[in-house]
2 protein chains.
Amino acid sequence: MNAEIICIGTELLLGHIVNTNTSFLSQKLAEAGIDVYHHIAVGDNHARLIAAFRQALSRADIVITSGGLGPTVDDITIETLASLIGRKLILNKMLLKDVKEYFISKKIKFPKESIRQAYIPEGVKWVHNNVGTAPGIIAEYADKVIICLPGPPREIEPMFVKELVPYLKKRLAANWVIKSRTIKIAGSAESQVDGKVRDLLNLKPPTTVGIYAKLGQVDLKIMSKARSDRKANIAISKIERKIRARFKDHIFGCDDETLEGAVGEILTAKKKTIAFAESCTGGLVSNRITNVGGSSRYFKMAVVAYSNTIKENILGVSWALLTKYGAVSRQVALEMAKGIKFLACVDIAVSVTGIAGPTGATKYKPVGLVYVALVTGKKQIVKEFRFKGSREEVKFQASQVALDLIRRNI
Amino acid sequence: MNAEIICIGTELLLGHIVNTNTSFLSQKLAEAGIDVYHHIAVGDNHARLIAAFRQALSRADIVITSGGLGPTVDDITIETLASLIGRKLILNKMLLKDVKEYFISKKIKFPKESIRQAYIPEGVKWVHNNVGTAPGIIAEYADKVIICLPGPPREIEPMFVKELVPYLKKRLAANWVIKSRTIKIAGSAESQVDGKVRDLLNLKPPTTVGIYAKLGQVDLKIMSKARSDRKANIAISKIERKIRARFKDHIFGCDDETLEGAVGEILTAKKKTIAFAESCTGGLVSNRITNVGGSSRYFKMAVVAYSNTIKENILGVSWALLTKYGAVSRQVALEMAKGIKFLACVDIAVSVTGIAGPTGATKYKPVGLVYVALVTGKKQIVKEFRFKGSREEVKFQASQVALDLIRRNI
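All values derive from a computational prediction rather than experimental measurement. (Residues numbered from 1 in each chain as written. Chains lettered and ligands numbered in written order. Predicted model: local features only at pLDDT ≥ 70, side-chain atom pairs only at ≥ 80, totals over all residues.)

1. Details of the overall build of chain A
Link 1 in the chain: When helices and strands are counted, chain A shows 15 helices and 17 strands.
Link 2 in the chain: Within chain A, the proportion of its 410 residues that are buried is 47%.
Link 3 in the chain: Long-range contacts, defined here as pairs at least 24 residues apart, represent 65% of the contacts in chain A between residues at least 6 apart. (Helix = DSSP H or I, 4+ residues; strand = E, 2+ residues; numbered from the N terminus. Buried ≥ 20, exposed ≤ 12 C-beta atoms within 10 Å, placed from the backbone. Contact = placed C-beta atoms within 7 Å.)

2. Some points on the domain arrangement of chain A
Link 1 in the chain: Per the domain assignment, the segments of chain A are domain 1 (2-172), domain 2 (177-254) and domain 3 (259-408).
Link 2 in the chain: Each of domain 1 of chain A and domain 2 of chain A has a C-alpha centre, and these two points are 35 Å apart. (Domains from an automatic or database assignment.)

3. A closer look at the nonpolar core
Link 1 in the chain: Within the largest apolar cluster, 233 residues are counted, with the highest numbers of intra-cluster contacts made by Ala-337, Ile-340, Val-350 and Val-372 of chain A together with Ala-337, Ile-340 and Val-350 of chain B.
Link 2 in the chain: Beyond its immediate stretch of four places on either side in the chain, Val-350 of chain A contacts Phe-276, Ala-337, Val-372, Ala-373, Leu-374, Ala-402, Leu-405 and Ile-406 of chain A. (Core = buried A, V, L, I, M, F, W, Y, C linked by C-beta atoms within 7 Å.)

4. Description of helix H15 (residues 391-408) of chain B
Helical periodicity: at 3.6 residues per turn, an α-helix aligns residues three or four positions apart in one direction.
Link 1 in the chain: Compared with an ideal rise of 1.5 Å per residue, which puts 18 residues at 26 Å, H15 of chain B spans 26 Å between its outermost C-alpha atoms and is within 8% of the ideal.
Link 2 in the chain: The buried count for H15 of chain B comes to 14 of 18 residues, which makes it a mostly enclosed element. (Expected span 1.5 Å × (residues − 1).)

5. Quick look at the confidence of the model for chain A
Detailed reading of the predicted model is not advised wherever pLDDT is low.
Link 1 in the chain: In the predicted model, chain A carries a mean pLDDT of 93, and 99% of its residues have values of at least 70.
Link 2 in the chain: For this predicted complex, the interface confidence comes out at an ipTM of 0.74, alongside a pTM of 0.75. (pLDDT = per-residue confidence, 0-100.)

6. A closer look at the interface of chain A and chain B
How large an interface is tends to be reported as the accessible area lost when its parts come together.
Link 1 in the chain: Facing 66 residues of chain A, the contacting portion of chain B comprises 67 residues.
Link 2 in the chain: Across five bridges, strand E2 (residues 35-42) of chain A lies against strand E2 (residues 35-42) of chain B in antiparallel orientation. Residue His-38 of chain A lies in a different strand from E2 of chain B, and its bridge partner there is Val-42 of chain B. (Pairing = 2+ DSSP bridges.)

7. Let's talk about the sheet that holds E2 of chain B
Link 1 in the chain: A sheet is described by the order of its strands in space; here 12 strands give the open sequence E6(A)-E7(A)-E8(A)-E3(A)-E1(A)-E2(A)-E2(B)-E1(B)-E3(B)-E8(B)-E7(B)-E6(B), paired in mixed fashion. Edge positions in the sheet fall to strand E6 (125-127) of chain A together with strand E6 (125-127) of chain B, since each has one partner strand and no second. Taking the axes of each pair of neighbouring strands and ignoring which way they run, one obtains an average angle of 15° across the sheet.
Link 2 in the chain: With seven bridges joining them, strand E1 (residues 2-8) of chain A and E2 of chain A adopt parallel strand pairing. Bridging from a neighbouring strand, Glu-4 of chain A pairs with His-38 of chain A of E2 of chain A. (Axes fitted to C-alpha atoms, helices over the stretch in contact; angles between N-to-C directions.)

8. Some words on the pairing of strand E3 (residues 62-66) of chain B
Two faces make up the sheet, and in a regular strand the side chains alternate between them.
All names here are of chain B.
Link 1 in the chain: A large share of E3 lies buried, amounting to five of its five residues.
Link 2 in the chain: Burial along E3 is two-sided: the face carrying Ile-62, Ile-64 and Ser-66 and the face carrying Val-63 and Thr-65 are both buried.
Link 3 in the chain: Sheet topology note: the E3/strand E8 (residues 144-149) ladder contains five bridges and is parallel. Looking at E8, one finds that Ile-62 is bridged to Val-145.

9. Quick word on the sheet that holds strand E10 (residues 207-214) of chain B
Residues and elements named next belong to chain B.
Link 1 in the chain: The antiparallel open sheet is built from four strands, whose spatial order is E10-E11-E9-E12. The outermost strands of the open sheet, each flanked by one partner alone, are E10 and strand E12 (251-254). When the angles between neighbouring strand axes are averaged without regard to direction, this sheet yields 20°.

10. Some details on the environment of Ile-137 of chain B
Residue and element names in this part refer to chain B.
Link 1 in the chain: Relative to the assigned elements, Ile-137 resides in strand E7 (residues 136-141).
Link 2 in the chain: Given 22 C-beta atoms within 10 Å, Ile-137 falls into the buried group.
Link 3 in the chain: Taking the C-alpha atoms as reference points, Ile-137 and Val-124, separated by 13 residues in sequence, lie 6.8 Å from one another.
Link 4 in the chain: Those residues within four positions of Ile-137 in sequence are excluded, and the remaining contacts are Ile-78, Ile-120, Val-124, Trp-126, Ile-147 and Cys-148.

11. Comments concerning the pairing of strand E8 (residues 144-149) of chain A
Link 1 in the chain: Of all six residues in E8 of chain A, five are buried; the element is thus mostly enclosed.
Link 2 in the chain: Hairpin geometry of strand E7 (residues 136-141) of chain A and E8 of chain A is characterised by an intervening segment of two residues between the two adjacent antiparallel strands and by a positive phi of about 50° at Ala-142 of chain A.

12. Here's the deal with the environment of Ala-269 of chain B
Link 1 in the chain: Along the chain, Ala-269 of chain B falls in helix H10 (residues 259-270).
Link 2 in the chain: Ala-269 of chain B sits 16 residues away from Gly-253 of chain B along the chain, and the two C-alpha atoms are 16 Å apart.

13. Looking at unusual backbone geometry
Link 1 in the chain: Note that the residue after Gly-357 of chain A, namely Pro-358 of chain A, is joined by a cis bond; omega there is -5°.
Link 2 in the chain: Relative to the helices and strands, Pro-358 of chain A is located in the loop between strand E15 (348-354) and strand E16 (369-375).
Link 3 in the chain: With a phi angle near 55°, Lys-107 of chain B is a residue other than glycine that sits in the positive phi range.
Link 4 in the chain: Inspection of the secondary structure puts Lys-107 of chain B in the loop between helix H5 (93-105) and strand E5 (119-121).
Link 5 in the chain: The backbone phi angle of Asp-255 of chain B is positive, close to 50°, even though this residue is not glycine.
Link 6 in the chain: Tracing the backbone through its elements, the reader meets Asp-255 of chain B in the loop between E12 and H10.

14. Things to note about the environment of Ile-156 of chain A
Residue and element names in this part refer to chain A.
Link 1 in the chain: Of note, Ile-156 is situated in helix H6 (residues 153-172).
Link 2 in the chain: Sequence spacing of Ile-156 and Gln-27 is 129 residues, and the spatial spacing of their C-alpha atoms is 13 Å.
Link 3 in the chain: Leaving out residues up to four positions away in the same chain, Ile-156 has contacts with Asn-21, Ser-66, Leu-149 and Pro-150.

Pasting the structure below:
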């Protein structure tokens, strides 16, 4: 069983809005065991919409549209559907009542143009919209199903989950589920990861592995299609064990887990406290750490020291070191970490100093040069990195290696 | 002249990622006066990709793909392109040098599988990727153009703007241009903005206005289609003047300008220095300020004080105030700002304290309660806010009002 998604709206083709409906609908369909092979976006244009409908019906069992259900003349989805399936538009009194109740609940006078939203093709079903006035439409047509949804994500999402997923599951008696698990790796380039899992990337369905490179992170996504959740999970776990054996502590988490969350869990479990001295990252490391709920248990303090004077006066870095080696150096990184450790009275202190760019480079110190230091009661580590990219990308990659250094050293 | 966009990747069809490339590319094409009638997404599947290519070539002058250019066996775009246009894949030595230089600059050993990225169809042009290894490809095929771009937005965006927009403009000498200008407003709710520009939102083409609500910000986008840049700009400026007269200093910038950038410009112009004492924002305010290149001219220091002890010991907030009013209070916000002003020796000091959630609320202090204080040589301001949303959303809104408070008070 497969579905095709058609998003309707000239604003999509002009790039005015990012289309989040396709990813939402695709996720829900995958979870229900329904494959999706194509997403389409077309404008509010009758001829092109009809053509898209016909093509989708020729290759999919289920066609789902979003958009074009509003009360204005721009909104042509319902008329186009009626002409496609050869049925008349008729006023549905129950639906009219439903639309009117929406306005009553909002204490707004019923606008006469909204009567248009109660005209639907003869014989189709409609689904109540909790959040807006445009109903969802289900048209059963030969052995296919066409579902028309409104455009706004906040209207689609409750309607699709509550009404349409159960409808589709029931109608199709889909016996397949697709499950996935994403294994997240820090501290390795895509090509290094790729080289170690080439065999797994070549796996054929029902269980496959994909590789996704992100800034300072590589994800391996295992997917499995099976007759039950249990069978899919078993197949995924088998691959996950292989991946874990190959990457060991380079893996920091799964699925929705974040690097800052992983660091937080370790700090909580080990009952350790932490503080940061940030120069080039400008507060990003502590911003990320504090995105985790409950981080005040372990995170105590950060100093963003954006000048040599502050590095000297607040963090206690000696002026001699600053002038001899420069603010971006192993020596200063280490002194910054020691300084914040003393100031905050914590178990672990981490510092970051570097050149985020686009200016600030010198003959021997290019943009992207970053030093990260970690100091505990027992350890003193300083690492050098060279990153590429924009100012924000350098900052992000520096925060990523700082967090990863903590994760691996406590 | 019209273009069609094909996004390639099974991860799109599974809904694993939101497709932002289509909106980015569509915007840039619209600005160049090139219409877009269809967006397509297909998986990493040779047969379906060939079919999508053929259909796109049958109805568009320009076909732009994104995705499937990586070094792995999943990446089939280039092979599919070669078979589509009937040309052999050959090793391009210049391109191989370019790809190798990427790894040299990163100090990573050249992974042998990356040699695959230097094989391109005979006779096509390639475009350097500043951020990654996959080049952009331009294939001129009969009277059509096929452009293949990498998948990651951060790789596409600079390449498309710097190399491909000029290429397309030159080749096509498009007669229509669409120009847009986005006016950015802080400190007003969407409904307030909407109420003041209802007449403009109803404008009909060629010049229209759209409203886009974001977290802590409302954007008004003016679009105009005309025969020349000049004519479009005149039409836009006429509307812009009306909007500026209605919103005055609620407007902080245009287009790519950011609130932190606007604050930076004012601080630079007035030669003032600044420091932050952050509690609930956890470093986000200083992270945003330091996202602006050259911010070290005005930004000196921040202390993220995540415990009462740090607020007392480092910022000098009296223990009596902390116990009497609590850390989230007008009184403590003001003392934090005074403390960081003293510590950093700056002209302007700003503090933020609040409850980001999801835990930490008390009977009288709900999640989302935030105090922001600003202290200069002459002024002392404290403001109370009540935000809604997740932890990260509360943090962001708090950083937004902190930056806006600076902008309006210096």
